[in-house]
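A closer look at the structure
Listed below, chain by chain, are the residues.
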Amino acid sequence: MFQSLTFICQHLRLIDSGQHSNLSASIYLCLAELCATLKVYSVAELPSFMPHVLQTYESDGIFKNELLLTSVTACLSKLVRTLCNYLTPYLPSIIKRTCTLLTHPSSQNDTRLRTMWSHLALHVPHRLLFPILFDVIDKNEFQLNDLEPLMALLKQSLSIATLDELSNNYTLLKQLFLKLFTLRTLHTKKMAPSQMNIYEDHVFDCFAELVMRLSEETFRPLFYTIYEWAVYNEPPPEYILTFYRLTFILSKKLKGLFTLFAGHIIQHSANVLNQLNSSKTPDESSNEFKITFRKKYAEENQVELINGILSTISNLCLFDSVGFITDDRFQILLMPVVDQLNNFTSNENYSQWIQQYVSPCIVNLTAATKEEALWRQIHYQILLKTRSDISKVRLATLNVLQELSRKLGMNYQGLLPEAIPFMAELMEDANDEVEKTCHRVIVDMESTLGESLQDYFNN
C-alpha cells in the first residue's frame with residue numbers, strides 16, 4: 001500500500017489538474033484514502049503531493065469545476081482528520097484559501113467546505129491553530145469578509161479548549177483580540193459605522209466564547225487590560241466606541257456576573273455621555289479627555305458610542321441582584337442618562353432612539369434602586385423635561401413616564417402627586433400630539449394603578 005502511495009506521488013506532478021480534472025479528482029480521493037489507512041506511515045510523502053493539492057485548491061479554475069473542488073475538499077478534510085499534527089507547513093494556506101472559498105458567491109453555501117472548516121476547529125491542536133490564526137490576523141492577511149468564517153473557526157476551537165490550553169495560549173489570544181479590536185480604526189475612513197458593526201459583531205461573538213470559558217481571576221485582568229487600551233494614553237475615539245459596544249455584548253452574555261467587573265467604567269461612561277451631549281456646553285461636559293471622531297461619520301459614531309454605553313448601563317441595572325447600583329453610582333449616572341432626552345433632537349430618528357435606548361436605560365436605572373428618595377430625585381428630573389421648548393422632547397418624556405409607571409407598578413403611586421402638575425400642563429399643550437399623548441399616558445397609568453386619576457387633577 002505504501003508503494004501505491006509512492007507511485008501516485010511520483011506521477012502526480014506530471015498531471016495538469018486543469019486539463020485532466022477528472023483524473024486529478026480521482027487521484028486526490030485515492031490519496032486521501034491511502035493516507036487515512038497508512039496514517040503516520042504516509043507522513044514522509046506529504047511534501048511530494050501536498051504542494052500539488054494546494055496548487056489546485058488555490059487555482060482560479062476550481063470555481064468552475066465542482067467535481068475538482070469536491071474532491072480536493074474531501075481530500076484535505078480527510079487529511080485534517082487523520083494527519084493534522086503533521087500539516088503545520090500547509091495549514092496557513094489551507095485556512096486562508098478556505099476563507100476565500102467560504103465567502104465566494106459560488107461556493108459560500110458548500111456543505112463540504114463548512115464540514116472541513118469544522119474539522120479544522122475540532123482536530124487541529126490549539127498549540128498549532130492559535131498561532132496560525134494570530135499570524136493571519138497580525139499580518140492582515142485577510143479581508144473583512146473573511147472575518148465571519150475566521151471567527152467561526154476560532155469560536156468552535158475555543159469551545160472545546162481545556163482550561164490548561166487556554167492558560168497556555170492566554171497571552172497570544174489576548175494579543176489576537178486586541179489586534180482585532182483595532183479594525184474599526186483601520187477602516188473608519190471608508191466604511192459607515194453601521195456596516196463596521198456587522199464585522200465587529202463577529203469578533204465580539206467569538207470573544208464572548210472565550211470569556212465564558214475563563215475564570216473570574218483570569219477574565220478580570222483581561223478586561224482591565226482592554227479598558228486601559230481603550231481609555232488611557234489618548235487612544236483613537238474608535239477604541240472607546242469598540243470598548244462600549246463590547247461591554248454591551250458582555251453584559252448581555254454574563255448578565256449579573258458582569259457587575260463583578262464593571263465598577264470602574266461607571267464614572268468614565270458618565271463622562272462620555274456628558275461630553276457627547278449636544279445640549280450641554282463645554283463647561284458642563286468632562287474636560288478630562290476629548291472625543292473627536294472624523295468628520296465624515298462623526299454623528300453616526302457618537303450615536304453608536306452612546307448606544308453602547310446606554311445599553312451597557314441598562315443591562316447592568318436590569319441584571320443587578322447584588323446591589324451594584326449603589327447610591328454613589330446612581331448619583332453619577334442620574335443626570336448624564338436623563339439628559340440624553342435633550343440629545344440628538346435634530347436627528348430624524350430621535351423618537352425611535354429614545355424608545356430603544358434612552359427610555360429602557362432610565363427605567364432600569366430607576367428600578368435598580370429600592371430607595372424612594374432616589375426614585376423621587378430621578379422622577380423629578382424626568383418631569384422637568386416635560387417643560388422643554390422642543391415638542392418632541394416633551395413627547396419622548398411622556399413615553400418615558402409611561403414606561404416608568406409600568407415598571408414600578410403600584411410603587412409609582414407614591415410618585416404620582418409630584419407628576420400631576422406637570423401632566424396638567426401637558427393636557428393643555430399647544431402641540432396637539434403632545435396633548436393627545438398625555439391623555440393616553442394618563443389612561444395607561446390608571447390601568448396600571450387600578451384607579452382613576454381625576455381626583456388628583458380636581459384637587
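All values reported here derive from a predicted model rather than from experimental measurement.

It is worth spelling out helix α14 (residues 237-254) at this point. With 18 residues, α14 extends 26 Å between its outermost C-alpha atoms, agreeing within 8% with the 26 Å of an ideal straight helix rising 1.5 Å per residue. Most of α14 is tucked away: 15 of the 18 residues are buried. With its phi angle positive at about 55 degrees, Lys-255 sits one or two positions after the end of α14.

The tally for this structure, following the rule as stated, stands at two cavities of 30 Å³ or more. Counted as a void, the largest cavity has a volume near 50 Å³. Forming the boundary of the largest cavity are Arg-184, His-187, Thr-188, Met-191, Ala-192, Pro-193, Met-196, Glu-238, Tyr-297 and Asn-301. Residue assignment for the lining of the largest cavity shows that the elements contributing at least two residues are α11 (183-187) and α12 (193-213). Per-class residue counts for the lining of the largest cavity are five nonpolar, three polar and two charged. Quantified by volume, the second largest cavity comes out at close to 40 Å³. What lines the second largest cavity is Ile-95, Lys-96, Cys-99, Val-136, Glu-141, Phe-142, Asp-146 and Leu-150.

Next up on the list: the packing of helix α10 (residues 170-180) against helix α13 (residues 216-231). The relative placement of two packed helices is expressed as an angle between their axes plus a distance between the axes. For the pair α10 and α13, interaxial distance at closest approach is 12 Å and the crossing angle is 30 degrees. Judged by the inter-axis angle, α10 sits roughly parallel to α13. Remark: the crossing between α10 and α13 carries right-handed chirality. Contacts between α10 and α13 involve Tyr-170, Lys-174 and Leu-178 on the former and, on the latter, Thr-218, Pro-221, Leu-222, Thr-225, Ile-226 and Trp-229. Its residues assigned to classes, the contact of α10 with α13 comprises six nonpolar, two polar and one charged.

Cut-off values and rules
- Residues numbered from 1 in each chain as written.
- Predicted model: local features only at pLDDT ≥ 70, side-chain atom pairs only at ≥ 80, totals over all residues.
- Heavy atoms only, no water.
- Helix = DSSP H or I, 4+ residues; strand = E, 2+ residues; numbered from the N terminus.
- Expected span 1.5 Å × (residues − 1).
- Buried < 20%, exposed > 50% of the residue type's maximum accessible area, 1.4 Å probe, protein only.
- 1 Å grid on protein atoms, 1.4 Å probe; cavity = no way out; pocket = protein on both sides within 12 Å on 5 of 7 lines; lining within 4 Å.
- Points joined across faces, edges and corners; volume = space filled by probe spheres on them.
- Nonpolar A, V, L, I, M, F, W, Y, C, P; charged D, E, K, R; others polar.
- Axes fitted to C-alpha atoms, helices over the stretch in contact; angles between N-to-C directions.
- Parallel < 35°, antiparallel > 145°, perpendicular 65-115°, else oblique.
- Left-handed = near helix turned anticlockwise from the far one by under 90°.
- Contact = heavy atoms within 4.5 Å.

By themselves, these observations are geometric and do not establish any function.
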